[in-house]
Amino acid sequence: MIEQLYKLYKKAHTITTDSRVISKDCVFVALKGEHFDGNDFALQVAEDGVAAAVIADRKDLPRHERLFVVDDSLKTLQELARHHRECLGLPIIGITGTNGKTTTKELISAVLSKKYDVVFTQGNFNNQLGVPLTLLRIKPETEMAVVEMGANHPGDINELTAIGKPDYGIITNIGRAHLEGFGGFEGVVKTKNEMYQYIASHNGTLFVNNDNELLMNLAEDINKVTYGTSADADIHGKMLSANPYLSVEWNGYKIDTQLVGDYNFENVMTAICVGAYFKVPANDIIAALSSYCPTNNRSQVIKTAKNRVVMDAYNANPTSMSYAIRNFRNICKDDNLLIIGDMRELGDESEQEHKTIIELIKQLNFQKVFLVGSEFQKVSDGTKFQTFTDVDSLIRHLDQHPVADKDILVKGSNGIHLNKIIDSL
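Computed from a predicted model, the values in this text were never measured in an experiment.

Mind showing me how you'd approach helix α13 (residues 350-363) here?
Each full turn of the α-helix corresponds to 3.6 residues, which orients residues three or four apart in the same direction. Its 14 residues give α13 an end-to-end C-alpha distance of 20 Å, which sits within 8% of 20 Å, the value for a rise of 1.5 Å per residue. For α13, every residue scored as buried is listed here: Ser350, Glu353, His354, Ile357, Ile358, Leu360 and Ile361. One side of α13 carries all its buried residues, which in axial view fall inside an arc of 155°. Its buried side turned inward, α13 meets α7 (179-182), α12 (318-331), β16 (336-341), β17 (369-372) and α14 (374-378).

Here's what the structure looks like:
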């Protein structure tokens, strides 16, 4: 069936899981979600002219020449993507890591796009659904692909590399995130290392941060290209400034970026390394990195009518939270405000990790701090910081007690929805 579906897919090289956005000769894969069941729309989609509609075993649906009944629609989508990948003759770069993988993916893609036709993961669509859909966006004219691979549980990277079969691998870093799903930090290390192990077993090449001792140890016997601040690295550079925007020196060039945070230095160096390896001209690398502007609440500097806001509310874990707070201390003026939301999916270590962040805030002598969410509320006794149960209560407070003329860091897990407060700042 996969061979038959693949022939139909190749009519338009288009696939969708959304019945509202079908096109002629596309392949529709019906998935059952929390609110909708794509199988309910499959018959109508089949009659509207798609090449094929893949459905789970639904005995209530009549037979139709364009309906393909399978046991598991998602598994079929993954197998179709795997088959497509095996038919491709182009290099694929796989990226994983605790922090910075989406930014790194976008920087690398911006650089490579200066020379090649590149398909890359949209947003952070990096899971068991997103990776196959990214692969199936690769068309005959595509020359390279950059595929982000996320993980919440042991074995996730093994599963995604088996589908995407990357020739090159990157781990941005390994930090303390999704501890609940991994069973602790060692589980995070083991799962992220699945990327390196796949590359090693398939004679591929890694791009590795020479300044990261853990990553260098994991990559010790694997073919690699290194980057970092040391002259020992194959590609080396140094940070010139991060106040507030990051500036980097590489190979005699100065690169002024629109990225906030010294923690973005390694992301920029990764993109330089990959671009240089694939022979993108230096001027094009510089132009791509200088013009890239972050979106989706990822370390964005937003100047409102009253304040300067560093909006970094897309996600948070203990590692990224610490990076963001320390960097903000270095770039902000004394009259500042921290708005910090809960970090999700930390399991049994949640209470201690939130206590550690509060201690860091005290150590760095921040005076005005708003803590948002139940996890911070549990551990905020004995502090002078204001706490809020949720973002809506914070918005009401800000509307009643406006803040002005401040540097403000907004950081928290996406589920806390701190992005909603920008209109109140």
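So what exactly am I meant to see when it comes to the side chain of His83 here?
Position of His83 relative to the elements: it lies in helix α3 (residues 73-87). The residues touching His83, leaving out its near neighbours within four places in the chain, are Ile2, Glu3 and Tyr6.

Sorry if this is basic, but what is going on with the sheet that holds strand β18 (residues 386-388) here?
Backbone-to-backbone hydrogen bonds pair the strands of a sheet. The strands run either parallel or antiparallel. Across the sheet, six strands lie side by side as β14-β15-β19-β16-β17-β18; this open sheet has mixed pairing. Each end of this open sheet is capped by a strand with a single partner; those strands are β14 (300-303) and β18. For this sheet the average axis-to-axis angle between neighbouring strands, irrespective of direction, equals 20°. When β16 meets β17, the two strands line up parallel, connected through four bridges. Looking across to β17, one finds that Gly341 is bridged to Val372. Along the sheet face, α12 touches β15 (308-312), β16 and β19 (407-411) and points at about 175° away from the line of β19.

Please clarify how the sheet that holds strand β3 (residues 52-56) should be interpreted in this entry.
Across the sheet, which stays open at both edges, the four strands sit in the order β1-β2-β3-β4 with parallel pairing between neighbours. Looking along the sheet, the strands with just one partner apiece sit at the ends: β1 (15-16) and β4 (67-70). With three bridges connecting them, strand β2 (residues 27-29) and β3 associate as parallel partners. When the bridges of β3 are listed, Val29 appears paired with Val54. Its contacts with the sheet put α3 on β1, β2, β3 and β4, and the angle it makes with β3 is roughly 135°.

Explain the packing of aromatic side chains to me, please; I cannot follow it from the model alone.
Ring pairs (aromatic) are described by centroid distance and by the angle formed between their planes. Within this structure, the stated rule accounts for 10 aromatic pairs. For the ring pair Tyr6 and Tyr9, a centre distance of 5.7 Å and an interplane angle of 25° mean the geometry is stacked. Of the two residues, Tyr6 and Tyr9 are both situated in helix α1 (residues 2-9); the distance of three residues between them amounts to about one turn of the helix. Overall, the relative accessible area of 7% leaves Tyr6 in the buried class. What makes Tyr9 buried here is its relative accessible area of 0%. When the ring of Tyr277 is compared with that of Phe278, the centres are 5.0 Å apart and the planes differ by 80°; the resulting orientation is edge-to-face. Residue Tyr277 is classed as partly exposed on the basis of its relative accessible area of 33%. Put simply, the rings of Tyr168, Phe207, Tyr277 and Phe278 pair up and form one aromatic cluster.

What is the right way to read the pattern of salt bridges from this model?
Pairs can form between side chains of opposite charge once their charged atoms are near each other. Counted by the stated rule, this structure contains 16 salt bridges. Across the pair Arg20 and Asp18 runs a salt bridge, and its minimum N-O distance is 3.0 Å. Overall, Asp18 belongs to the partly exposed group, its relative accessible area being 23%.

Just to check I follow, could you spell out the nonpolar core for this structure?
It is characteristic of soluble globular proteins that their nonpolar side chains tend to be buried jointly. Formed by 71 residues in total, the largest nonpolar core has its most connected members in Ile325, Leu338, Ile340, Ile361 and Phe366. The element contributing the most residues to this core is helix α8 (residues 185-201), with six residues. Among residues more than four places away in sequence, those in contact with Ile325 are Leu338, Ile340, Ile357, Leu360, Ile361, Leu364, Phe366 and Leu409. The next biggest cluster of nonpolar side chains, apart from the first, holds 36 residues, and it includes Leu107, Leu112, Tyr227 and Ile235.

Help me understand helix α15 (residues 391-400) in this model?
Taken together, the buried positions of α15 are Val391, Ser393, Leu394, Ile395, His397 and Leu398. Put simply, Asp390 is the residue that caps the front of α15, since its side-chain oxygen is 3.3 Å from the backbone nitrogen of Asp392.

So, how was this worked out
- Residues numbered from 1 in each chain as written.
- Predicted model: local features only at pLDDT ≥ 70, side-chain atom pairs only at ≥ 80, totals over all residues.
- Heavy atoms only, no water.
- Helix = DSSP H or I, 4+ residues; strand = E, 2+ residues; numbered from the N terminus.
- Expected span 1.5 Å × (residues − 1).
- Buried < 20%, exposed > 50% of the residue type's maximum accessible area, 1.4 Å probe, protein only.
- Arc of directions from axis to C-beta.
- Contact = heavy atoms within 4.5 Å.
- Pairing = 2+ DSSP bridges.
- Axes fitted to C-alpha atoms, helices over the stretch in contact; angles between N-to-C directions.
- Phe/Tyr/Trp six-rings, centres within 6.5 Å; stacked < 30°, edge-to-face > 60°.
- Salt bridge = Lys/Arg side-chain N within 4 Å of Asp/Glu carboxyl O.
- Core = buried A, V, L, I, M, F, W, Y, C linked by side-chain atoms within 4.5 Å.
- Polar contact = N/O pair within 3.5 Å; in protein donor to acceptor, adjacent residues only side chain to side chain.

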